[in-house]
Amino acid sequence: MRRLGISIYPDKSDTNELKEYLKLAYSKGFRRIFSSLIEFDDLEDKKRKDKFVEINKFAKDLGYEIIVDVNPAVFDKLGVKAGDYSFFNEIYVDGIRLDGGFNGFPEASMTHNDQNLKVEINMSIDNHMIDAIMDYQPNKYNLIGCHNFYPHNYTGLSLDFFYKTTEKFNQYKLRTAAFITSQNKEAFGPWPVDDRLPTLEMHRNLPIDVQLKHYVAMDNIDDILISNSYARADELEKLSKVDLTKVVFDVKLEDKITDIMRKIVLEEEHLYRGDVSDHLIRSSQSRVKYNGSDFPQVNTPEIIKKGDVLIDGNGYGHYTGELQIAKKDMINNGLTNVVGHIVEDEIFIIDFLKPWQRFGLRLADEAWDMYRFARILWQCSKGRSR
């Protein structure tokens, strides 16, 4: 099951403000925390350590899983010896993310720890480290992976590189994670440089919910974590409404469409057919379910644009009533209705859908709330209020 997570930086945060953020995020469905010990110079500072422990215990009591970023130098500073990781239980964490690697054998050995800590491997490096670890027979139940985030403009991962390194972990069926970034101008990360903190460079300036939908479409990452603190309350709310099992595009509908067309777009589940076209994503079940219904030509522009939501109209034979999404611009023969448009920020996600992948469509933003309210009123008038 895919999960959402946040990142916290207790050393740079007010304790009460951070606790409120933890409570809010948990109420919105977030269940995992990324934190870091790498930038701590001295954990012997009792006040500093006590604050870290207080926040972690508070988060654990709420129900979060906590993974902290470490490297070999941190182990030396903390006096952590191979085979004894009790320190991490003392500070209420569930796992350690190894930002720097060893040689395979130590990582594999760590997964057999008595504290049942998760050992998380850096996924953003193109080497054979995960293969070396697997050669030494780790406890796979305690072995997971997570990509980096990149605070500097233009340093985030390219899409091809991301796919390549992620596949190394997917092939072993290990749990994976990657980061999305808040667009809150006041948000911060662990380092002084902060041009937002995505894993993928292409996500750096996108709305946070669009970043998440992209990961859902690619379907190769399990846990998606907000990298910076604090995400805005409206961002947390938007993320909480994203379907983590399938891509649900936000759409704007044309005014002139019929009730059946509107129902097909917003209330039916859609399945990308397996016989792939260069031009269209086809969802054919509606033409079967609504066979014999009237589909007049109500909006048939000469040019269909990428991202347009289409329903074939009367006169198109057995295609009448079929829903499609345009993958590229094309000429309309006059029989196909453009019933809506995927919002601009999400159009690129069309290219990541795969044959037989399920998807949905919903009204964008305020329009969706208005539509749901109208449906409730209609159901009440029919005596079928939920």
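In case you missed it, the structure is sitting above this.
Keep in mind it's a predicted model, so treat the numbers as computed, not measured. (Residues numbered from 1 in each chain as written. Predicted model: local features only at pLDDT ≥ 70, side-chain atom pairs only at ≥ 80, totals over all residues. Heavy atoms only, no water.)

## Thoughts on the overall build of the chain
Broken down by element type, the chain carries 12 helices and 17 strands. Considering only C-alpha atoms, the chain reaches an extent of 75 × 45 × 40 Å along its principal axes. Looking at the chain residue by residue over its 386 residues, the buried ones come to 53%. Excluding contacts between residues fewer than 6 apart, the proportion of contacts in the chain whose partners are at least 24 apart in sequence is 77%. Carbon together with sulfur atoms contributes 50% to the accessible area of the chain, which is approximately 18,000 Å² in total. (Helix = DSSP H or I, 4+ residues; strand = E, 2+ residues; numbered from the N terminus. Buried < 20%, exposed > 50% of the residue type's maximum accessible area, 1.4 Å probe, protein only. Contact = heavy atoms within 4.5 Å. Areas by Shrake-Rupley, 256 points an atom, 1.4 Å probe, with all protein chains shown as cover.)

## A short note on the packing of helix H8 (residues 208-218) against helix H9 (residues 233-240)
Two numbers describe a pair of packed helices, the interaxial angle and the distance between the axes. H9 packs onto H8 with a crossing angle of 30° between their chain directions and a minimal axis gap of 9 Å. Judged on the interaxial angle alone, H9 and H8 are roughly parallel. Along this stretch, H8 crosses H9, giving a crossing that reads as right-handed. Two secondary-structure elements touch here, H8 through Ile208, Asp209 and Leu212 and H9 through Glu235, Lys238 and Leu239. Each residue belonging to the contact of H8 with H9 can be placed in one class, and the counts come to three nonpolar, no polar and three charged. (Axes fitted to C-alpha atoms, helices over the stretch in contact; angles between N-to-C directions. Parallel < 35°, antiparallel > 145°, perpendicular 65-115°, else oblique. Left-handed = near helix turned anticlockwise from the far one by under 90°. Nonpolar A, V, L, I, M, F, W, Y, C, P; charged D, E, K, R; others polar.)

## Digging into the packing of aromatic side chains
By the definition in use, this model includes 13 aromatic pairs. With centroids separated by 5.5 Å and ring planes inclined at 80°, the aromatic side chains of Phe87 and Phe88 adopt a geometry described as edge-to-face. Given the relative accessible area of 0%, Phe88 is considered buried. Ring geometry for Phe188 versus Tyr230: centroids 5.9 Å apart, planes at 80°, classification edge-to-face. Highlighted residues: Phe188 in the loop between strand S7 (177-180) and H8 and Tyr230 in the loop between strand S8 (223-226) and H9, separated in sequence by 42 residues. Like Tyr230, Phe188 is buried. The rings of Tyr9, Tyr21, Phe188 and Tyr230 are connected pair by pair, giving a single aromatic cluster. (Phe/Tyr/Trp six-rings, centres within 6.5 Å; stacked < 30°, edge-to-face > 60°.)

## Some words on the sheet that holds strand S11 (residues 280-283)
Spatially, the seven strands line up as an open sheet ordered S10-S17-S9-S16-S13-S14-S11, and their pairing is mixed. The outermost strands of the open sheet, each flanked by one partner alone, are strand S10 (270-271) and S11. Inspection of the sheet shows S11 paired to strand S14 (residues 323-326) by four bridges, in the antiparallel sense. Across the sheet, the residue bridging to Ile281 is Ile325, located in S14. Relative to strand S9 (residues 247-253), H8 is tilted by about 125°, and along the sheet it contacts S9 and strand S17 (358-363). (Pairing = 2+ DSSP bridges.)

## Notes on the pattern of salt bridges
One pass over the full model with this rule turns up 33 salt bridges. As a salt-bridge pair, Lys168 and Asp126 come within 3.7 Å of each other at their nearest N and O atoms. With a gap of 42 residues between them, Lys168 in helix H7 (residues 159-170) and Asp126 in the loop between strand S5 (118-122) and helix H6 (129-135) connect regions that are remote in the sequence. Taking relative accessible area as the criterion, Lys168 reaches 14% and is therefore assigned buried. A salt bridge links Glu322 to Arg282; the shortest N-O distance between them is 2.8 Å. Taken together, the positions of Glu322 in the loop between strand S13 (308-312) and S14 and Arg282 in strand S11 put the pair 40 residues apart, joining distant regions of the chain. Neither residue differs from the other here; Glu322 and Arg282 are each classed as buried. Connected via shared salt-bridge partners are Arg3, Arg32, Glu65, Asp69, Arg97, Asp99, Glu120, Arg175 and Asp223. (Salt bridge = Lys/Arg side-chain N within 4 Å of Asp/Glu carboxyl O.)

## Details of the side chain of Lys327
Structurally, Lys327 can be placed in the loop between S14 and strand S15 (330-331). Buried charge Lys327 goes without a salt bridge, the closest partner of opposite sign being Asp278 at 5.5 Å. Only 3.1 Å separates the side chain of Lys327 from the side chain of Tyr272, close enough to count as a polar contact. (Lys, Arg positive; Asp, Glu negative; His and termini not counted. Polar contact = N/O pair within 3.5 Å; in protein donor to acceptor, adjacent residues only side chain to side chain.)

## Some thoughts on the pairing of strand S1 (residues 3-7)
The element S1 is largely enclosed, with a buried count of four among its five residues. Looking at chain direction, S1 and S8 are connected through three bridges and run parallel. Opposite Arg3, over in S8, you have Asp223 as the bridge partner. By the bridge criterion, four bridges tie S1 to strand S2 (residues 30-36) in an arrangement that is parallel. Looking at the pairing, Ser7 lines up with Phe34 of S2.

## Quick word on the sheet that holds S1
Taking strand neighbours across the sheet as the criterion, the eight strands line up as S6-S5-S4-S3-S2-S1-S8-S7 in an open arrangement whose pairing is parallel. Each end of this open sheet is capped by a strand with a single partner; those strands are strand S6 (143-146) and S7. Here the strands of the sheet are splayed against their neighbours by 30° on average, with no regard to which way each runs. Across four bridges, the pairing between strand S3 (residues 65-70) and strand S4 (residues 95-98) is parallel. Each bridged residue has a counterpart across the sheet, and for Val70 the counterpart in S4 is Leu98.

Remember, this is a structural readout, not a statement about activity or role.
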